[in-house]
Amino acid sequence: MTEVASIQFVPAEIHDQDAEQAVATLIDHVVGLPASDLFFAAEEDHIQISVRHLGVVRQVTTLSLEQGKRMIGHIKALAGMDLTERRHPSDGRWIHIQPDGRKVDLRICSIPTLYGEDLSMRLLERDSNLRTLDGVGLARHEYNQLMNLLASPSGLVLVTGPTGSGKTTTLYACIQYLNNGRRKINTIEDPVEYAVPGVRQSQVNPRFNLDFPEMLRGVLRQAPDVIMIGEIRDSVTADTAVRAANSGHLVFATLHAPVASSAVASMLALGVKPHFFASSLLGVLSQRLVRTLCPHCKVGYDLSDAPHTFEAVRPWLEPSQGQQMFSVKGCDRCFQDGYAGRTAVFEMLCISRETRRLIAEGANPRDIEQQAIQDGMIEFRRSSLLKVAQGVTSIEEVLRAVPTEYLGLD
């Protein structure tokens, strides 16, 4: 990948500004990149500033210890954090208003490290437009399958993947689609990332022993039609979600599982009864985020001498696709990086009668995956290859973002 030496990820003037000005300038700049996270890391003789841009962490500048500590102190003060507490992790939140009036929700966490205090900031633009189901990266067949799940009056839909894989974005897109004024929709989140008009959103608060199980029990007494659970973390939440789905509610939830079929094992490990789980589950959507090639500088290579390269995904390609393979180059529009955005790679497991039987019998994930593929599921290997064949991303990016064991390369 081309080095990014010419990228100005932070403006040079922050080194000459006081802490208040430097913090505001820095945040306004990295939001515009856009970056999802901003990091202050204490080293022996300086403070290292890094950003997470398109899912990749980049070291962008250094500050003197004195200026870095002043900026960290200013951020903690604005976030309502204890300035004297440097020996234990602490959390805070602050709404930053940009010069154009847009609001940025900053979730801040500090921890003690070898040379001092490290600070991380998650940046969420409150006024940014949430993605619709058309914009999350679903292929046409996946979109149609998800539409069928959303048309169900009740049942459980799980969205899985590692942290930072876009699960919440997909859930919000589903909720927006269902939010037509004819359903009562309640969400339980940690934290509430975006306010959605017409949706009743609640946030857990561990400080007051307000956790997912208690909130879910309360939400069920509110007579909702649709429930979104930010994450299933424990046996009580898992069991309650399954019971809610079996009793007439349409339930959406995220779960940490590497692939769609392993979500079944994760739920069973949390103690849910296989028969009740099998009867409630509608489908599992597993996803990973990959960077999309810059349309202004991507380089195509003719595949005339290798016509079978994309044979495994030929049925899902347009006639003009699959004739080339693209790689990165880099230009001024993409900061010499070769990538201009991100999209998701999915595998969608829709529950058939045979899959439901396997789940009820406690079958292993491999058997469930094989049955799902027979039923038409496109697993990560082919789903990733499809994105490459369509010229959306590169082979190098797929190998970076999706573990090789799920690409059939181990």
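Note: the structure precedes this text.
Asks: Even after reading the chapter, I still don't get the sheet that holds strand β4 (residues 90–97), so can you show me in this structure?
Replies: An order of β3-β2-β1-β6-β5-β4 is seen for the six strands of this open sheet, with the pairing classed as antiparallel. Looking at strand neighbours, the two that pair on one side only are β3 (56–63) and β4, the edges of this open sheet. Adjacent strand axes in the sheet meet at a mean angle of 20 degrees, parallel and antiparallel pairs treated alike. One ladder, built from eight bridges, connects β4 with strand β5 (residues 103–113); its direction is antiparallel. The residue bridging Ser 90 from the neighbouring strand is Ser 110, located in β5. Sheet strands in contact with helix α2 (residues 65–78) are β1 (37–42), β2 (47–53), β3, β4, β5 and β6 (116–125), and its direction is about 50 degrees off that of β6.

Asks: Can you help me understand the packing of aromatic side chains in this one?
Replies: The geometry of an aromatic ring pair is captured by two quantities: the separation of the ring centres and the angle between the planes. Within this structure, the stated rule accounts for one aromatic pair. Their ring planes at 85 degrees and their centres at 5.6 Å tell us that Tyr 172 and Tyr 194 sit as a pair that is edge-to-face. Of the two residues, Tyr 172 is situated in helix α4 (residues 167–178) and Tyr 194 in the loop between β8 (185–189) and β9 (200–203); the sequence distance between them amounts to 22 residues. In this structure Tyr 172 comes out as buried when scored by relative accessible area, which is 2%. Exposure remark for Tyr 194: the relative accessible area of 17% places this residue in the buried category. In this structure, Arg 291 packs its charged tip against the face of Tyr 339, placed 4.2 Å from the ring centre. One cation-aromatic arrangement involves Lys 298 over Phe 326; the distance from NZ or CZ to the ring centre is 4.5 Å.

Asks: So what exactly am I meant to see when it comes to the pattern of salt bridges here?
Replies: Oppositely charged side chains are able to pair whenever their charged atoms sit close together. Under the defined criterion, the tally for this structure stands at 21 salt bridges. Between Glu 117 and Lys 76 there is a salt bridge; the shortest N-O distance is 2.7 Å. One end of the pair, Glu 117, is in strand β6; the other, Lys 76, is in helix α2, and 41 residues separate them in sequence. Here Glu 117 matches Lys 76 in class, with each residue buried. Two residues, Arg 107 and Asp 105, come together in a salt bridge whose shortest N-O distance is 2.7 Å. With relative accessibility at 15%, the residue Arg 107 sits in the buried group.

Asks: Before we go on, may I ask you to explain the sheet that holds β8 in this structure?
Replies: By definition, the strands of a sheet pair up through backbone hydrogen bonds, in either a parallel or an antiparallel sense. The strand order across the open sheet built from seven strands is β9-β8-β10-β11-β7-β12-β15, with neighbouring strands paired in mixed fashion. Of all the strands in the sheet, just β9 and β15 (339–350) have a single pairing partner and so form its edges. Strand-to-strand twist across the sheet, computed as the mean angle between neighbouring axes with direction ignored, equals 20 degrees. In this structure, strand β12 (residues 281–293) lies alongside β15, joined through eleven bridges in antiparallel fashion.

Asks: Even after reading the chapter, I still don't get the pairing of β6, so can you show me in this structure?
Replies: Most of β6 sits out of view: seven of its ten residues are buried. Two strands pair when backbone bridges link them, and β1 and β6 are joined in this way by four bridges, in the antiparallel orientation. Bridge assignment links Leu 38 to a residue of β6, and that residue is Met 121. As judged from the ten bridges shared by β5 and β6, these two strands associate in the antiparallel manner. What sits directly across from Ile 111, in β6, is Asp 118.

Calculation criteria
- Residues numbered from 1 in each chain as written.
- Predicted model: local features only at pLDDT ≥ 70, side-chain atom pairs only at ≥ 80, totals over all residues.
- Heavy atoms only, no water.
- Pairing = 2+ DSSP bridges.
- Helix = DSSP H or I, 4+ residues; strand = E, 2+ residues; numbered from the N terminus.
- Axes fitted to C-alpha atoms, helices over the stretch in contact; angles between N-to-C directions.
- Contact = heavy atoms within 4.5 Å.
- Phe/Tyr/Trp six-rings, centres within 6.5 Å; stacked < 30°, edge-to-face > 60°.
- Buried < 20%, exposed > 50% of the residue type's maximum accessible area, 1.4 Å probe, protein only.
- Lys NZ or Arg CZ within 6 Å of the ring centre and 35° of its normal.
- Salt bridge = Lys/Arg side-chain N within 4 Å of Asp/Glu carboxyl O.

All quantities given are derived from atomic positions and should not be read as evidence of function.
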